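Structural overview for review
If you want the building blocks of each chain, they are given just below.
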Amino acid sequence: MRLVMDTVEEEFVEIPIPIPSSTSSSSMAKRPCPSQNPRMELENLLYQFLSLSDRPSLSLDLSFENLLQSMPPDTDLIDRALKMGSLLLDAAKHSSRKRASNHNSIVWPLPPDLTFKIFSMLDTQSLCYVSAACSFFSKCAKDPLCYENLDLTTLVPKVNNAVVATMIQRAGKALRSLKLGVVPATACSPGFCQPMVSTIRKAIVEAPNFSWNDKRSRQGRESSVLTRCCLSPLSGDGGAPGALLRKLHLYNIERMDSTSLCGALSACPSLLDLEIVGIHVELRQTLMSVSANCHLIERLFFESSRTGRDDSLKAQTCSELVNNCPNLTSLSLRGFKLHDCKVRILVKGFRKLKYVDFSSSYSITGNFLRNLGNCNGGNLLEVLILRDCMHLKEMEVIRFLTAILAGDFKLLMHLDISNREGLACEADWYHRCYSSNNMPIKQVLEARPDMRLVAEYPSEGSYAETFDAEMNSDISLQFSSPTSDGSIFMSTSESSYNSDHGSGNEEGQDAVIYGESSDEDNNMNL
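Please read all numbers here as calculations on a predicted model, not as lab measurements.

This part is about the overall build of the protein chain. Scanning the protein chain from N- to C-terminus turns up 18 helices and 14 strands. In the protein chain, which comprises 526 residues, the proportion classed as buried is 48%. A separation of at least 24 residues holds for 78% of the contacts in the protein chain among residues at least 6 apart in sequence. When the accessible area of the protein chain is evaluated, it comes to approximately 26,700 Å², of which 53% is carbon and sulfur surface.

This is the structure:
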């Protein structure tokens, strides 16, 4: 099998050239009969002209020079010859591509449906390379099924609104997954709490094999920057592109705002997986939009672009999200200012919740962990990440670990309570605890050898204490990282957290102690 790699270019007007069935090497082929049809006359002239190429003794440049000398000096014969030569060259290239495409379609061993299926498995960049290889592949790559899963993420800004619109238009109703934006190179490796927030300038500087001249030119290049309307094609054609979209991941699109994002979410009623990183949108408005439009959502990952400064979440918004999105199994709200009263509503409210990540969240004390096993919500947790929560209290962590020793949270397989600033003391969060000696960590690992517990705290300027139990070889687990696509754990058994019967009304007191909340927060932000 031999594929002809013709260049895919813009289509030109075809000028048919009749080819005789047989020619004689000793004499010219029979001349076609003259006709009054202008097209036939043109074809006849072209045939006669091209037949002259069989006579090597003829000098075309000499004949053309003699013709010029016989014409008036001001004739435009040269310009006309250049124009005709260009038209003839374009026609020849077009016919060559067409024949190459026909050749490839004949020798290509796979049927069209299988070819479309293979092309649909390629990543977006590879698909673009394939479509540029030859005309035949270009036609195959235009099938909507090839654009079912669009990954337009880059390390530096390369994709603009026009590219996004073109790709979404090609996908049409077949679009199922869309990833868009700038992903820092440091966030490409797997990890539970690795930050993914970046900036366009930082991404450009950190990109490998990128010259300084390119860096400076790209920093001011508007054509490679996504704007607030980059997701508007999802609402085009009556909302067809976004109607069946299952996955939407957005990274570090600095010019997007809450209005644009919420407008895009309103066009995605079938969304199951939403990931938002480094976008300047408000938490409350985003969750309200998800609650109103994405009732089937199963995974929500939201990392703040302004760590600790977004205090917009209200308790009512949490309740609406719980009631309208009952299928949520994975929830990650990282870098937001969250209070225990609102976190409790979320964790206890979702009946299928398996994965929780509140890394780098402010105001969380751990009070929400109390009585978590008294409902069908928190006792099904299998992953709990509270890394670098500034106000997380040592006493609340001890109570939680004690509950695990008592037999609660039997499904919990991964717990991260690390803190680069140390844990807060009970009375004053300014006083930090840098040792895990008071925590029953070793006892928990002995009682739960199948559990992975990470507790890293600074000691003289470095992380000194890390506890990590060996995973049971009989259990195959894949924890969901920030960019994971797999579903989270499924189980039906329950456990309870009854070691502490606190009513959970201490959030207001915590807010007063830490001085992080307004009077409205003390009233649970209703």
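Let us look at the environment of Leu274. Looking at the element boundaries, Leu274 is found in strand β4 (residues 273-277). A residue is classified by how much of its surface remains accessible, and Leu274, at 0% relative accessible area, is buried. Residues within four places of Leu274 in sequence aside, it is in contact with Leu248, Leu265, Val290, Ile297, Arg299, Leu300 and Phe301.

Glancing now at helix α1 (residues 38-51). Taking 1.5 Å per residue as the helical rise, α1 with its 14 residues ought to reach 20 Å, and the 20 Å between its terminal C-alpha atoms agrees with that figure. For α1, every residue scored as buried is listed here: Glu43, Asn44, Leu46, Tyr47 and Ser51. End-on, the buried residues of α1 take up no more than an arc of 165°, which puts them together on one face. Projecting away from the buried face of α1 at angles above 90 degrees are the exposed residues Pro38 and Leu45.

Another aspect to go through is the pattern of salt bridges. If you walk through the whole model with that rule in mind, you get 13 salt bridges. Of the charged contacts, one joins Asp257 and Arg228 as a salt bridge, the two residues approaching to 3.4 Å between their closest N and O atoms. Placement of the pair is Asp257 in the loop between β3 (247-251) and α11 (258-265) and Arg228 in the loop between α9 (212-219) and α10 (236-243), with a sequence separation of 29 residues. Owing to a relative accessible area of 22%, Asp257 belongs among the partly exposed residues under this scheme.

Once that is clear, we can look at the packing of helix α12 (residues 283-293) against helix α13 (residues 315-324). Between α12 and α13, the shortest axis-to-axis distance is 9 Å and the interhelical angle comes to 25°. As the angle between them shows, α12 and α13 are arranged roughly parallel. Classified by chirality, the crossing of α13 by α12 is left-handed. Across the interface between the two elements, Arg284, Leu287, Met288, Val290 and Ser291 of α12 pack against Thr317, Glu320, Leu321 and Asn324 of α13. Split into classes, the residues belonging to the contact of α12 with α13 amount to four nonpolar, three polar and two charged.

This next bit is on the packing of aromatic side chains. Applying the stated criterion to the full structure yields three aromatic pairs. Where Phe302 meets Phe336, the ring centres are 4.8 Å apart and the plane angle is 70°; that geometry is what we call edge-to-face. Residue Phe302 is located in strand β5 (residues 299-303), and its partner Phe336 is located in the loop between β6 (330-334) and α14 (340-349); the two are separated by 34 residues in the primary sequence. The same class applies to Phe302 as to Phe336, namely buried. Pairing Phe358 with Phe368 gives two aromatic rings, centres 6.2 Å apart and planes at 80°, and the pair type is edge-to-face. One end of the pair, Phe358, is in the loop between β7 (355-357) and β8 (383-385); the other, Phe368, is in the loop between β7 and β8, and ten residues separate them in sequence. Note on accessibility: Phe358 and Phe368 belong to one class, buried.

Moving on, we get to helix α5 (residues 124-131). Within α5 the residues assigned to the buried category are Thr124, Leu127, Val130 and Ser131. Each buried residue of α5 sits inside an arc of 115° when the element is viewed along its axis, so together they form one side. The inward-facing, buried residues of α5 abut α4 (112-120), α6 (135-140), β1 (149-154) and α7 (161-171).

Our focus in this paragraph is the nonpolar core. Leu180, Phe358, Leu401, Leu415 and Leu453 are the most contacted members of the largest nonpolar core, which totals 90 residues. Ranked by residues supplied to this core, first place goes to helix α15 (residues 394-405) with five residues. Non-local contacts of Leu401, meaning those with residues more than four positions away in its chain, are made with Leu415, Ile417, Met439, Pro440, Ile441, Val444 and Leu453.

What follows covers the sheet that holds strand β9 (residues 414-416). Spatially, β1-β2-β3-β4-β5-β6-β7-β8-β9-β12 is the arrangement adopted by the ten strands of the open sheet, whose pairing is parallel. Edge positions in the open sheet fall to β1 and β12 (452-454), since each of these has one partner strand only. Each strand of the sheet is rotated relative to its neighbour by a mean of 5°, with strand direction disregarded. By the bridge criterion, three bridges tie β7 to β8 in an arrangement that is parallel. Opposite Tyr355, over in β8, you have Val383 as the bridge partner.

Let's shift gears to the confidence of the model for the protein chain. Residue-level pLDDT values for the protein chain average 74, and 68% of them are 70 or greater. In the model, residues 188-192 has pLDDT below 50 throughout and makes 15 contacts with residues more than four positions away in sequence or in other chains. Low confidence marks residues 468-526, where pLDDT is under 50. Its contacts with residues over four positions away, or in another chain, come to 136 contacts.

Let's shift gears to the side chain of Ser305. Here Ser305 lies in the loop between β5 and α13. In this structure the side chain of Ser305 is engaged in a polar contact, spanning 2.9 Å, whose partner is the side chain of His280.

What follows is about the environment of Thr402. Mapped onto the elements of the fold, Thr402 is located in helix α15. Its relative accessible area of 36% is what places Thr402 among the partly exposed residues. Between the C-alpha atoms of Thr402 and Pro440, which are 38 residues apart in sequence, the distance is 7.2 Å. Engagement of the side chain of Thr402 in a polar contact is seen with the backbone oxygen of Ile398, the distance being 2.7 Å.

What counts, and where the lines are drawn
Residue indices begin from 1 for each chain and proceed along its sequence in written order. The predicted origin of the model limits local features to residues at a pLDDT of at least 70 and limits the giving and counting of side-chain atom pairs to 80 or more, whereas totals for whole chains, interfaces and linings rest on all residues. Each side-chain value is worked out from all heavy atoms of the structure, with water and hydrogens disregarded. Put simply, DSSP marks the helices as runs of H or I at least four residues long and the strands as runs of E at least two long, and each gets a number from the N terminus on. Only protein chains enter the accessibility calculation, which uses a 1.4 Å probe; a residue whose area is less than 20% of its type maximum is buried, one above 50% is exposed, and one in between is partly exposed. Only heavy atoms enter the contact rule, under which two residues are in contact if any of them lie within 4.5 Å. Per-residue and other accessible areas were derived by the Shrake-Rupley procedure at a 1.4 Å probe size, with only the shown protein chains allowed to occlude residues. What a helix should span is 1.5 Å times the count of its residues minus one. It is the directions from the helix axis to the C-beta atoms whose arc is reported. By convention in these notes, a salt bridge is any Lys or Arg side-chain nitrogen within 4 Å of a carboxyl oxygen on Asp or Glu. Only C-alpha atoms enter the line fits that serve as axes; for helices the fit covers just the stretch in contact. Angles between N-to-C directions range over 0 to 180 degrees. Orientation labels follow simple angle bins: below 35 degrees gives roughly parallel, above 145 gives roughly antiparallel, 65 to 115 gives roughly perpendicular, and whatever is left gives oblique. A clockwise turn of the near helix away from the far one marks a right-handed crossing, whereas an anticlockwise turn of less than a right angle marks a left-handed crossing. In this classification, Asp, Glu, Lys and Arg are treated as charged, Ala, Val, Leu, Ile, Met, Phe, Trp, Tyr, Cys and Pro as nonpolar, and every other residue, Gly included, as polar. Pairing of aromatic side chains here covers Phe, Tyr and the six-membered ring of Trp, requires ring centres within 6.5 Å, and sorts the geometry by plane angle: under 30 degrees stacked, over 60 edge-to-face, intermediate tilted. Here, the term nonpolar core denotes a set of buried Ala, Val, Leu, Ile, Met, Phe, Trp, Tyr and Cys residues that are joined through side-chain atoms within 4.5 Å. Strand pairing follows a simple DSSP-based rule, namely that at least 2 bridges must link the two strands. The score called pLDDT rates the predictor's confidence residue by residue, from a low of 0 to a high of 100. Within 3.5 Å is the distance limit for a polar contact, defined as a pair of N or O atoms, with the added protein rule that one can donate a hydrogen and the other accept it, and that residues adjacent in sequence qualify only through two side-chain atoms.

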